[in-house]
Amino acid sequence: MDQVVTLVEFFSHNTINNVLGCFAFAPRTVIYLTDHSVEESQRQGTLRAVHSRLPQTQVEFLTVEEEKLDSIRAALEELWRQHPEAVFDFTGGSETMLLASFSFAVRHDAPMMHIHMESRSLVNIQGCEALERQFVFPRLTLEDHLNMNGAFLAGNGYQVPDDSCRERLRGFCELVLENQPKWKEQCLYIQMAAARAKDLQVDNLLEFRTADGVAVPGDVSYLRRLEQVGMLKDLKVRGERVRFRIPDAQTKQCLCDSGKWLEVLTYLLLKDSGAFHDVRLSVRIGWGEAEKQASGTAYNEIDIIACTGITPLFISCKSGLPNPNSMNEILVYARKFGGVRAKAAMVTSSEISHGFVGLRKRAADLGTVIVDESDIKEGLAQGMLLDVLKS
């Protein structure tokens, strides 16, 4: 058997179980045996995930009464009559349905397989030798996870850095880490200067004042360092005036948001690790189906989502000290939008002092981690985030 024409799946509340076999073999038809208690929204999530990735695959749902063996047997007899070439995938489903179906498949000498999550391998139960040889464990994208779990990608709040600007962003993040209070001060100045600028060209005073008269000075030496790392161009100072050019709109967005650097730094750490095939920045997630959402629908925004294999990692970046509520929040989002295998973590630009070690303990108890300023400066952040995947 070189190609799966019809694949039989046993519907699982663990959404990943429902799509792995289908994604791996791209069958012409996939038939899901479901219990009558399965909600329509769960069926629709699986349907969207399959159709989004495999638009040519026909999806059918066959409803049985799970607690009645006669109901399962009758459904399988009719399925086999129509699809004698079917392959049975015993990756998901309830014990009763699996036992009844296994007995049926043995009697009819039907091909049977199971996908082992941890070893990422295909187990040939019977008659699937060729499929075992050609099996490649599927990798799930963010869209796959969202589709399966009743959500959709509603856009990004910040453009993902391309290769041409990553080095300057790394240099910029290192500069911010040297003196965060100084950065926040100069970020306010750049915000005010950019607001008065024409396009990306700034030509204005070296000092502004807020509405209540507080001075906001530009520090020429700091601006020059921003120029050195490539975040500003053509810096000129004449008396009390300064001119400079911001390279592009993406850089402007980064320079005018005092906390955006932390998201960018975390994004770069994940990309540099090589452990993730899909890394997204400032992800906006909508609930339900995109085509049914009205204008003005509220969305959830996740700072970073990175996918490796079948596991998504949700990360919240905080400029201030995180609290238990913010930890719970990112964990809830991870489970809601990423399923039971999803992981979560927090990155903060603050320092977790000895008086707050309970935060780290609580994070560990919840299966997550908090990365703080010292962890970033000491080069530990990347490893800590990767370790979350093993927890």
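Given the structure is predicted, the values throughout are model-derived calculations rather than measurements. (Residues numbered from 1 in each chain as written. Predicted model: local features only at pLDDT ≥ 70, side-chain atom pairs only at ≥ 80, totals over all residues. Heavy atoms only, no water.)

> Run through the overall build of the protein chain, naming residues and quoting values.
Along the backbone of the protein chain there are 15 helices and 17 strands. If one aligns the C-alpha atoms of the protein chain with their principal axes, the spans along those axes are about 90 × 45 × 40 Å. In the protein chain, buried positions account for 50% of the 391 residues. Across the protein chain, every contact between residues at least 6 apart in sequence was considered, and the portion connecting residues at least 24 apart equals 66%. For the protein chain, the accessible area works out to roughly 17,900 Å², and carbon and sulfur atoms hold 48% of it. Charge-centre separation for the protein chain: the mean point of 43 positive side chains lies 7 Å from the mean point of 52 negative side chains. (Helix = DSSP H or I, 4+ residues; strand = E, 2+ residues; numbered from the N terminus. Buried < 20%, exposed > 50% of the residue type's maximum accessible area, 1.4 Å probe, protein only. Contact = heavy atoms within 4.5 Å. Areas by Shrake-Rupley, 256 points an atom, 1.4 Å probe, with all protein chains shown as cover. Lys, Arg positive; Asp, Glu negative; His and termini not counted. Charge placed at Lys NZ, Arg CZ, Asp CG, Glu CD.)

> Explain the packing of helix α11 (residues 260-273) against helix α15 (residues 381-388) to me, and be specific about the residues and the numbers.
Between α11 and α15, whose axes approach to 10 Å, the crossing angle comes to 70°. Our classification of the angle between α11 and α15 gives roughly perpendicular. Contacts from Thr-266, Leu-269, Leu-270, Asp-272 and Ser-273 of α11 reach α15 at Ala-381, Gln-382, Leu-385 and Leu-386. Of the residues assigned to the contact of α11 with α15, the class counts are 5 nonpolar, 3 polar and 1 charged. (Axes fitted to C-alpha atoms, helices over the stretch in contact; angles between N-to-C directions. Parallel < 35°, antiparallel > 145°, perpendicular 65-115°, else oblique. Nonpolar A, V, L, I, M, F, W, Y, C, P; charged D, E, K, R; others polar.)

> Tell me about the sheet that holds strand β5 (residues 112-116), residues and numbers included.
Judged by pairing direction, the sheet is mixed, and its 6 strands sit side by side in the order β3-β2-β1-β4-β5-β6 without closing on themselves. In this open sheet, the two edge strands, each paired with only one partner strand, are β3 (58-64) and β6 (121-126). Going from strand to strand, the sheet's axes swing by 25° on average, the running direction of each strand aside. The strands touched by helix α2 (residues 40-53) within the sheet are β2 (29-35) and β3, with β3 carrying the most contacts at an inclination of about 160°. Each of β1 (6-10), β2, β3 and β4 (87-89) is contacted by helix α3 (residues 69-82), which is oriented at about 150° to β3, the strand it contacts most. (Pairing = 2+ DSSP bridges.)

> Tell me about α11, residues and numbers included.
For α11, with 14 residues, the first-to-last C-alpha span of 20 Å sits near the 20 Å given by 1.5 Å per residue. Judged by how many residues are buried, α11 sits mostly within the fold: 11 of 14 residues are covered. Every buried residue belonging to α11 is among Lys-260, Trp-261, Leu-262, Glu-263, Val-264, Leu-265, Thr-266, Tyr-267, Leu-268, Leu-269 and Leu-270, and all of these are buried. Gly-274 lies just past α11 and shows a positive phi near 75°. (Expected span 1.5 Å × (residues − 1).)

> Outline the pairing of strand β15 (residues 311-318), listing residues and values.
Counted residue by residue, β15 has 7 buried out of 8 residues, so it is predominantly covered. Relative to β15, strand β14 (residues 300-308) runs antiparallel, the two being bridged by 5 bridges. Within β15, the residue paired with Ile-304 across the bridge is Ile-315. Between β14 and β15, which pair antiparallel in sequence order, lie 2 residues; one of them, Gly-309, sits at a positive phi of approximately 60°. By the bridge criterion, 6 bridges tie β15 to strand β16 (residues 343-348) in an arrangement that is parallel. When the bridges of β16 are listed, Cys-317 appears paired with Val-347.

> How would you sum up the state of the cysteines? Please name residues and give values.
What the rule picks out here adds up to 0 disulfides. No disulfide involves Cys-165; its nearest neighbouring cysteine sulfur is the one of Cys-254, lying 9.2 Å away. Cys-187 forms no disulfide, and the closest cysteine sulfur to it belongs to Cys-256, at a distance of 6.5 Å. Residue classification places Cys-187 among the buried positions, given a relative accessible area of 1%. (Disulfide = S-S within 2.5 Å.)

> So what's going on with the packing of aromatic side chains? Residues and values would help.
For any pair of aromatic rings, the description consists of the separation of the ring centres together with the inter-plane angle of the planes. With the rule as written, the count across this model stands at 16 aromatic pairs. Judged by centre distance (6.1 Å) and plane angle (75°), the ring pair of Phe-11 and Tyr-32 falls under edge-to-face. Of this pair, Phe-11 sits in the loop between β1 and α1 (15-25) while Tyr-32 sits in strand β2, and the two are 21 residues apart along the sequence. Considered together, Phe-11 and Tyr-32 belong to a single accessibility category, that of buried residues. Aromatic pair Phe-135 and Phe-137: ring centres 6.3 Å apart, planes at 85°, arrangement edge-to-face. The class for Phe-137 is buried, based on a relative accessible area of 12%. Across from the ring centre of Phe-23, 4.3 Å away, lies the NZ or CZ of Arg-53, which sits over that ring. Residue placement shows Arg-196 over the ring face of Phe-208; its charged tip is 4.5 Å from the ring centre. (Phe/Tyr/Trp six-rings, centres within 6.5 Å; stacked < 30°, edge-to-face > 60°. Lys NZ or Arg CZ within 6 Å of the ring centre and 35° of its normal.)

> Any chance you could break down the pairing of strand β12 (residues 241-245) for me, citing the residues and the numbers?
What you see with β12 is a clean split: Val-242 and Phe-244 sit on the buried side and Arg-241, Arg-243 and Arg-245 on the side with no burial. Note: strand β8 (residues 201-205) against β12, 5 bridges, orientation antiparallel. Note that in β12 the partner of Val-202 across the bridge is Phe-244. Pairing between strand β11 (residues 233-238) and β12: 4 bridges, direction antiparallel. If you follow Arg-238 over to β12, its bridge partner there is Arg-241. Count of turn residues in the β11/β12 antiparallel hairpin: 2 residues, of which Gly-239 carries a positive phi of about 60°.

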